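Descriptive analysis of the structure
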Amino acid sequence: MPPSTATPVTIIICLSFLPLLTYLFYIHHLKRISKPLPPPTRITNLFIYPIKSCHGISISSTTLLPTGLDLDRQWMWVTYPDHKFLTIRNFSKMTLIRPSYDASTDTLTITAPAPNSMDEKLEFEIPAHPSQKWLEENTEMVRATVWSAVTPAYSYPTTLTGPFNEFFGKEVRLVYKPPVSDSPRPLAGNGQKKYLGRDASTCFADLMPVLVGSEKSIAELNERLRKAEDISIDVRRFRPNILVEGIEAWDEDRWKSVLIASTSKSESWWRRKLRTGGVVLDVVARCARCRVPNVDPETADEHKRQPWDMLMKYRIVDPGITFKPCFGMLCVPRGNGGSIEVGMRVEVMEVTESHRYVVGM
Ligand SMILES: *[C@@H]1O[C@H](CO)[C@@H](O)[C@H](O)[C@H]1NC(C)=O
């Protein structure tokens, strides 16, 4: 074919692709535009679980530390003598162990029902923010195992925790990991430096320092549970730290970073934009769930099916973990954290379509 005829043919072919390319470009672009950042929402509740797997405490304000909310999962029960972590998965009655916090004396009181008595209680008291001196005088350093990590921790004396051996039906120890230490427990999975871009650590949480949950999402799940089995569950089963009102159920699946800041109604939007302060959370992964939410934290009764079965029907949403359903978002605080309280505004700063759960704890 002589060049003189080839060129018009090429041009015609190219031109005929132009509408298609334009169409594809717009579809791609419109999809992005059609899902703008959600409007700000607010914190409706804060929860801490001082001892891993034990009962939680609802609070109205606290400090967000780089390792998570102050007093969250800084203690855990371990086996003796090998110091292996114990969770609700091993023993659902652990949720009946209740820590309570007295700010005036800065103490935690730990109680549990006595195994062979209706009205007796097991109880001991510990400093909520123990000094180095108190730890040196009262505890012993051990190496505790939590999932695949072995990490140094302070083991409490049986003069305090002894009666709880009876509750567990075996010899146990309570161990403590301070939020600031020379031997922090590095984050695994999506929290590793190669994904997060910085070193970060937590105390005894399974994975990340903070779990954010949405009221809209738990309401949507409960609607399904009510229709199917005439039951509904409390969001505490999912053990979130920060509960937000939410705008649309499950929108949090795509959050990538959020800003938490105090709010004032009289403030104009541009003043808010200019104001510095607040704390930022990197939303690193969806939280893949096990069957722990089947346990009612008030009674320790375990439901045979729900909410596990329902979640398995429609909440397998992460390409990185196709055998577990997701609820809530795992987050890592940026910088040094700061004060946080119920009512604060939560603004999604970035969203992503590429969350992918990295397996491994
Ligand atoms: C407790 O359960 C966890 C998670 O299933 C497991 O890895 C651990 O080995 C169990 N510990 C004991 C002492 O049974």
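In short, a report on the structure. Values in this document were obtained by computation on a predicted structure and should not be read as measured data. (Residues numbered from 1 in each chain as written. Predicted model: local features only at pLDDT ≥ 70, side-chain atom pairs only at ≥ 80, totals over all residues. Heavy atoms only, no water.)

1. Remarks on the overall build of the protein chain
- Looking only at helices and strands, one finds 8 helices and 20 strands in the protein chain.
- A separation of at least 24 residues holds for 70% of the contacts in the protein chain among residues at least 6 apart in sequence.
- Summed over its atoms, the accessible surface of the protein chain is roughly 18300 Å², and 55% of this surface lies on carbon and sulfur atoms. (Helix = DSSP H or I, 4+ residues; strand = E, 2+ residues; numbered from the N terminus. Contact = heavy atoms within 4.5 Å. Areas by Shrake-Rupley, 256 points an atom, 1.4 Å probe, with all protein chains shown as cover.)

2. Some thoughts on the site of the ligand
- Surrounding the ligand, one finds T79, F85, R89, N90 and W147.
- One of the side-chain nitrogen or oxygen atoms of N90 is found 2.4 Å away from an oxygen atom of the ligand.
- For the ligand, whose unbound accessible area comes to 360 Å², protein coverage reaches 57%.
- In terms of residue class, the shell around the ligand is built from 2 nonpolar, 2 polar and 1 charged. (Near = heavy atom within 4 Å. Polar contact = N/O pair within 3.5 Å; in protein donor to acceptor, adjacent residues only side chain to side chain. Nonpolar A, V, L, I, M, F, W, Y, C, P; charged D, E, K, R; others polar.)

3. Digging into the environment of S339
- Mapping S339 onto the fold places it in strand β19 (residues 338-341).
- Along the chain, S339 and L69 lie 270 residues apart, while their C-alpha atoms are 9.6 Å from each other.
- Each residue touching S339, except ones within four places of it in the same chain, is listed here: T62 and M344.

4. Observations concerning the environment of D72
- Structurally, D72 is set in the loop between β4 (68-69) and β5 (75-79).
- Within the local environment of D72, its side chain forms a polar contact with the side chain of R73, the two groups lying 3.1 Å apart.
- At a separation of 3.2 Å, a polar atom in the side chain of D72 contacts the side chain of N241.

5. Observations regarding the sheet that holds β4
- Across the sheet, which stays open at both edges, the 3 strands sit in the order β4-β3-β19 with antiparallel pairing between neighbours. Strands with a single pairing partner mark the edges of an open sheet, and in this sheet they are β4 and β19.
- In this sheet, β19 lies alongside strand β3 (residues 61-65) in antiparallel orientation, the contact comprising 4 bridges. When the bridges of β19 are listed, T62 appears paired with I340. (Pairing = 2+ DSSP bridges.)

6. Overview of the packing of aromatic side chains
- Counted according to the given criterion, the structure contains 16 aromatic pairs.
- Ring geometry for F164 and F167: centres 6.4 Å apart, planes at 50°, overall tilted. On the criterion of helical spacing, the pair formed by F164 and F167 is a turn pair, its members being 3 residues apart in helix α4 (residues 164-168).
- On the basis of relative accessible area, F164 is assigned to the buried category, the value being 0%.
- Taken together, the ring pairs in this structure connect W77, F91, F124, F164, F167 and F168 into an aromatic cluster.
- Against the face of Y80 rests R173, its NZ or CZ located 3.7 Å from the ring centre. (Phe/Tyr/Trp six-rings, centres within 6.5 Å; stacked < 30°, edge-to-face > 60°. Buried < 20%, exposed > 50% of the residue type's maximum accessible area, 1.4 Å probe, protein only. Lys NZ or Arg CZ within 6 Å of the ring centre and 35° of its normal.)

7. Some details on the sheet that holds strand β11 (residues 172-176)
- Sheet architecture is open: 4 strands sit in the order β5-β11-β10-β9, paired in antiparallel fashion. Across the chains shown, the open sheet's two edge strands, defined by having one partner strand only, are β5 and β9 (140-146). Pairwise comparison of adjacent strand axes, ignoring direction, gives a mean angle of 50° for this sheet. (Axes fitted to C-alpha atoms, helices over the stretch in contact; angles between N-to-C directions.)

8. As for helix α6 (residues 215-229)
- With 15 residues, α6 should reach 21 Å at 1.5 Å per residue; the first-to-last C-alpha distance of 20 Å fits that figure.
- Residues S217, I218, E220, L221, N222 and L225 constitute the buried set of α6.
- Residues of α6 that are buried in the fold lie against β14 (210-214), α8 (308-314) and β18 (326-333).
- Where α6 starts, the residue carrying a side-chain oxygen 3.1 Å from the main-chain nitrogen of K216 turns out to be S214.
- Downstream of α6 by one or two residues, D230 has phi in the positive range, about 60°. (Expected span 1.5 Å × (residues − 1).)

9. A short note on unusual backbone geometry
- Each neighbour pair has its own omega, and for Y80 with P81 the value is 10°, a cis peptide bond.
- Note that the residue after Q306, namely P307, is joined by a cis bond; omega there is 5°.
- Of note, P307 is situated in the loop between β17 (279-288) and α8.
- Positive phi, normally seen in glycine, also occurs at W147, with a value near 50°.
- Looking at where W147 falls in the secondary structure, it is placed in the loop between β9 and β10 (149-155).
- On the basis of relative accessible area, W147 is assigned to the partly exposed category, the value being 27%.
- A positive phi is found at R239, a non-glycine position, where the angle reads about 55°.
- Among the secondary structure elements, R239 is positioned in the loop between α6 and β15 (242-244).
- Overall, R239 belongs to the buried group, its relative accessible area being 10%.

10. Some remarks on the pattern of salt bridges
- In total, this model carries 22 salt bridges according to the counting rule given.
- Two residues, D282 and R334, come together in a salt bridge whose shortest N-O distance is 2.7 Å. One end of the pair, D282, is in strand β17; the other, R334, is in the loop between β18 and β19, with 52 residues separating them in the sequence.
- Since its relative accessible area comes to 11%, D282 is described here as buried.
- A relative accessible area of 34% means that R334 is categorised as partly exposed.
- Between E347 and R345 there is a salt bridge whose closest N-O contact spans 2.3 Å.
- With a relative accessible area of 17%, E347 lands in the buried category.
- When its relative accessible area of 8% is taken as the criterion, R345 is described as buried.
- Among the charged side chains, a salt-bridge network with shared partners connects R198, K256, D282, R334 and E350. (Salt bridge = Lys/Arg side-chain N within 4 Å of Asp/Glu carboxyl O.)

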